[in-house]
Structures are given as C-alpha cells and as structure tokens.
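Results of the structural survey
The lines below spell out each chain.
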Amino acid sequence: MNRTPLALCLALLAAAPAFAQDARNRLDLGVLYNSHGDALINGRGYPPGADVEVGNSTSVLLGYEYMATPSIGLQLNAGVGGSVTVEGAGSLSSQGRLLKADLFTASGFVNWHFFDPGSALRPFLGVGFNYTSFSGIRSYNGQSVDMSNDWSLAAQAGARYAFDRNWSMSVSLGLNWSKSDVSFSSGSGTQKAQIEFRPVVVGVSVGYSF
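Notes on the structure follow. Values in this document were obtained by computation on a predicted structure and should not be read as measured data. (Residues numbered from 1 in each chain as written. Predicted model: local features only at pLDDT ≥ 70, side-chain atom pairs only at ≥ 80, totals over all residues. Heavy atoms only, no water.)

1. Quick look at the pattern of salt bridges
This is how the line gets drawn: A side-chain nitrogen of Lys or Arg and a carboxyl oxygen of Asp or Glu constitute a salt bridge if their distance falls within 4 Å. For the purposes of this entry, the term helix denotes a DSSP run of H or I that reaches at least four residues, the term strand denotes a run of E that reaches at least two, and both are numbered from the N terminus. A simple rule labels every residue: compare its accessible area, found with a 1.4 Å probe on the protein chains alone, to the largest value its type can have, and call it buried under 20%, exposed over 50%, or partly exposed in between.
Applying the stated criterion across every chain, the model contains 5 salt bridges. The shortest N-O distance in the salt bridge between E65 and R26 comes to 2.5 Å. Here E65 is found in strand 4 (residues 57-67), whereas its partner R26 is found in strand 1 (residues 25-35), with 39 residues between them in sequence. Judged by its relative accessible area of 1%, E65 is buried. The buried category is assigned to R26, whose relative accessible area is 8%. A salt bridge links R138 to D102; the shortest N-O distance between them is 3.2 Å. Separated by 36 residues along the polypeptide, R138 in strand 7 (residues 121-139) and D102 in strand 6 (residues 97-113) bring together distant segments of the chain. We classify R138 as partly exposed; its relative accessible area is 33%.

Next up, the structure:
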C-alpha cells in the first residue's frame, strides 16, 4: 500500500497552524459606521434639558495590526471621510440644525485574540485610545463655529475569520468617549459648550496577512 499521499496530507495539516503563526502583519480595508444618537451638551447659558442629536456617519476603514505574540495584537485604525450633523434637541429643539462637520478618526488598540492561532475563527477584545478631528465646520444659523479635537479611551470586541493563510474578514463593535469644546460666535458675543459624543462604532473589513 502506497502511504505517500496520506503522509503528505498529514504533513500539510500539521503545518497549517505554523502557516497562520508566520503571518504577523495584517492590513485591513473596510467600512466604519459611527452611531451617535443623542449627545450631551454642557455650557453656561444652556437651559435645563438642553440636548443635541448627532447624525450617524460612515467612513473608510484603513487598518494595520502587528501580532506581537500569537495572542496579542497591536492595532492602528484610521477612519477617513464621513461627516456628522448636529441638531438641537430637548429644550434646544427650537434651534433646529446647528452645524455639520467632517470627521477623521484614529484609534490604537492592544487586542487579545482567543482560540488557537491556527483556528479559522478568532474572537478578540481590545482596549486603547481614540483620536477624533473635526474640520470643514459649517454653521446653519449664521454663527461662526469652532470645534476642538479630542483624545479619549476606547474599547472594542469582535471576531476575525480566516479564509486561508492570507485573507480574512473581521467584524468589530467599539466604544469611545469622545467630546469636543464648541464655540458659537456672532456679533452679540461668543457662547461656549462641550458636546459629549460617545459613539458606538461598527467596523467591517477584509484583511490581508503577510
């Protein structure tokens, strides 16, 4: 009986986990969806119950992860494009639409990947930071508006499924606690406030490992 084909198959199966461990770098391309909903607004002169409603945004996800160990990954993501609209709500509902701003986000995570490195499906948990930049700000009420950029804590949970040694797909759900100091200026003076955004971030991407 010729056992060569059987021995070859067993050798390939034994090598599969090693192939997965060899690929320590991964590039991701996908979509980020930021769900904002209601946000808190704080500032002198704002009536009780003041609130704002922040529109959702979609941006292009660019990501890189380096597997420092078979279970620990160091990940950097950027969200390019997308914009948010801020409208008055609660006791500010009569103000209507207030402003629109373009977004750029960047985040860094230390991820813990579960299951064996050779597994096709690997859930993960991550903690890190988020940076949000606001630009191209347009006011709808004739005022001049400035918004500060922000650093905040961030966390995520997700799972990655590997189709083969190189190609995979990832889905993640993240949180951050971003905020912005906002100044509304007009001929009658300047009014300052702070908006707490607290978005829920959904990411879907295709990855290439090498």
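2. Considering the pairing of strand 7
Put simply, the rule reads: Paired strands, in this sense, are two strands between which DSSP finds at least two bridges.
Here strand 6 pairs with strand 7 via 14 bridges, running antiparallel. Paired with S107 across the bridge in strand 7 is N130. Across 12 bridges, the pairing between strand 7 and strand 9 (residues 150-162) is antiparallel. Looking across to strand 9, one finds that G128 is bridged to A154.

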